[in-house]
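# Structural features, examined
One-letter residues, chain by chain:
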Amino acid sequence: METSNNPVEVPTTGLPGADAAWLPPRIAECVERVLIPADVIAERIRVLCEEITSHYAREGTDKLTALVVLKGAFMFAADLGRHLVSQGNLEIGTEFISVTTYGSDIKDLEETERDVQVDDTPRNLCGHHVLLIEDIVDQGFTIARIQRILEDEGALSVRICSLLVKDLDHSSAEVQALRDSLVIDFAGFRIPDQWVVGYGTDAHGRFRLLPHVCTVDENLYRG
Ligand code: IMP
Ligand code: MG
């Protein structure tokens, strides 16, 4: 998967939860490793905002619509959006799109497609420059589907900003081809092929409010 910028590479093994950050005991017992602590996320967001601002300045665009992919991107979008607006160069509208990507949480290595259900497609994006804000690009089904919808809706441009992009250990030829066709314009971190939670992302609805990106006990996301 191509990224237009240089995402920070996150090593396979972050620090064990207890050493990397203070966590409430009830959460600490579930967390295996803290892959990306909150302060590292905050610093990365500052850099991403500079990249985004310079990109649109180069394009001569001063007005755009941030399209937040719910639910996972809510926290990232809130922090990123606040910084972007404070830089003062862009007038930014906000829209939301809610998607459910069906399938088990854990990928099947031979998986070739997934059903992506989209609720409440925003219908007023014709002629807008859209910045899609996503939490994770994994196999790429979700982002590809949303991109297609935005093109059909007549968006003037669609740029993708994802906090995380996963490096996959194994994937089917179809998934490989799909990922090869995607360009992530603004990627925060490249993470290993592990299930992560926190900073908006979840395991069966849990851990979204955790300030760090972490890995948790396998039993919490399998099944
Ligand atoms: P894709 O369609 O395979 O790219 O999957 C992307 C969506 O699945 C993301 O938008 C996430 O909501 C979800 N997802 C993928 N990997 C993870 C993970 O490790 N933790 C939490 N959610 C994930
Ligand atoms: Mg998502």
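My aim in this report is to walk through the structure given alongside it, one point at a time.

### Comments concerning the sheet that holds strand E11 (residues 186-191)
- Here we have seven strands laid out as an open sheet, ordered E2-E11-E9-E8-E5-E6-E7, and mixed in their pairing. Strand pairing shows two members of the sheet lacking a second neighbour, strand E2 (8-9) and strand E7 (116-119), which therefore form its edges.
- Relative to E11, E2 runs parallel, the two sharing two bridges. By the bridge assignment for E11, valine 8 is matched with phenylalanine 189.
- Lying on the sheet, helix H5 (residues 141-153) is in contact with strand E5 (63-70), strand E6 (91-101), E7, strand E8 (129-137) and strand E9 (157-166); it crosses E8 at an angle near 165°.

### Quick notes on the pairing of strand E12 (residues 213-216)
- Judged by which residues are buried, E12 turns out to be covered on both faces: Val213 and Thr215 on one side and Cys214 and Val216 on the other are all buried.
- In terms of strand pairing, strand E4 (residues 31-36) meets E12 through four bridges, oriented antiparallel. Bridge pairing in E12 places isoleucine 36 opposite valine 213.

### Side note on helix H4 (residues 74-87)
- Its 14 residues place the ends of H4 20 Å apart at the C-alpha level, agreeing with the 20 Å of an ideal helix rising 1.5 Å per residue.
- Restricting attention to buried positions, one finds in H4 the residues Met75, Phe76, Ala77, Leu80 and Leu84.
- Buried residues along H4 sit against helix H3 (38-59), E5, E6, E8 and E9.
- Just downstream of H4 lies glycine 88, where phi reads positive at about 80°.

### Focus: the packing of aromatic side chains
- This model, assessed by the stated rule, comprises one aromatic pair.
- Relative to tyrosine 221, the ring of tryptophan 195 lies with its centre 6.2 Å away and its plane at 25°, an arrangement referred to as stacked. Here the residue tryptophan 195 occupies a position in the loop between E11 and E12, and tyrosine 221 occupies one in the segment after E12, the gap between them amounting to 26 residues.
- Overall, tyrosine 221 belongs to the buried group, its relative accessible area being 12%.

### What to know about the sheet that holds E4
- Pairing is antiparallel across the open sheet formed by three strands, whose spatial order is E3-E4-E12. Every interior strand has two partners, whereas the edge strands, strand E3 (15-16) and E12, have only one.

### Let's talk about the site of ligand 1
- What surrounds ligand 1 is a group of 15 residues, the closest being Gln139, Gly140, Thr142, Lys166 and Val196.
- One of the side-chain N or O atoms of glutamate 134 is found 2.9 Å from an oxygen atom in ligand 1.
- Here tryptophan 195 contributes a side-chain N or O atom positioned 3.5 Å from a nitrogen atom of ligand 1.
- Protein burial of ligand 1: of its 490 Å² of free accessible surface, 87% is covered by the chains.
- Looking at the shell around ligand 1 element by element, the count peaks at four residues for E8.
- Its residues placed into classes, the shell around ligand 1 shows five nonpolar, five polar and five charged.

### So, the nonpolar core
- By size, the foremost hydrophobic cluster in this structure holds 31 residues, and its most contacted members are Ile36, Phe76, Leu80, Leu131 and Leu164.
- Top element by residues in this core is H3. It accounts for six residues.
- Apart from residues lying up to four places away in sequence, leucine 131 is in contact with Ile52, Tyr56, Leu64, Thr65, Ala66, Leu67, Leu84, Arg159, Cys161 and Phe186.
- Of all hydrophobic cores here, the second largest spans 27 residues; its members include Leu67, Val137, Ile143 and Ala155.

### Focus on the pattern of salt bridges
- Under the counting rule described, the total for this entry stands at seven salt bridges.
- Between arginine 190 and aspartate 167 there is a salt bridge, and its shortest N-O distance comes to 2.7 Å. Here the residue arginine 190 occupies a position in strand E11, and aspartate 167 occupies one in the loop between E9 and helix H6 (173-181), the gap between them amounting to 23 residues.
- Residue arginine 190 is classed as buried on the basis of its relative accessible area, which comes to 15%.

### Some words on the packing of H3 against H4
- Closest axis-to-axis distance for the H3/H4 pair is 9 Å, and the angle between their directions is 55°. Between H3 and H4, the crossing angle belongs to the class labelled oblique. At the point where H3 passes H4, the crossing takes the right-handed sense. Residues Ile45, Arg46, Leu48, Cys49, Glu50, Ile52 and Thr53 of H3 form the contact with H4, whose own contacting residues are Phe76, Asp79, Leu80, His83, Leu84 and Gln87.
- A breakdown of the residues in the contact of H3 with H4 according to their chemical character gives seven nonpolar, three polar and three charged.

Rules behind the numbers
Residues numbered from 1 in each chain as written. Chains lettered and ligands numbered in written order. Predicted model: local features only at pLDDT ≥ 70, side-chain atom pairs only at ≥ 80, totals over all residues. Heavy atoms only, no water. Pairing = 2+ DSSP bridges. Helix = DSSP H or I, 4+ residues; strand = E, 2+ residues; numbered from the N terminus. Contact = heavy atoms within 4.5 Å. Axes fitted to C-alpha atoms, helices over the stretch in contact; angles between N-to-C directions. Buried < 20%, exposed > 50% of the residue type's maximum accessible area, 1.4 Å probe, protein only. Expected span 1.5 Å × (residues − 1). Phe/Tyr/Trp six-rings, centres within 6.5 Å; stacked < 30°, edge-to-face > 60°. Near = heavy atom within 4 Å. Polar contact = N/O pair within 3.5 Å; in protein donor to acceptor, adjacent residues only side chain to side chain. Areas by Shrake-Rupley, 256 points an atom, 1.4 Å probe, with all protein chains shown as cover. Nonpolar A, V, L, I, M, F, W, Y, C, P; charged D, E, K, R; others polar. Core = buried A, V, L, I, M, F, W, Y, C linked by side-chain atoms within 4.5 Å. Salt bridge = Lys/Arg side-chain N within 4 Å of Asp/Glu carboxyl O. Parallel < 35°, antiparallel > 145°, perpendicular 65-115°, else oblique. Left-handed = near helix turned anticlockwise from the far one by under 90°.

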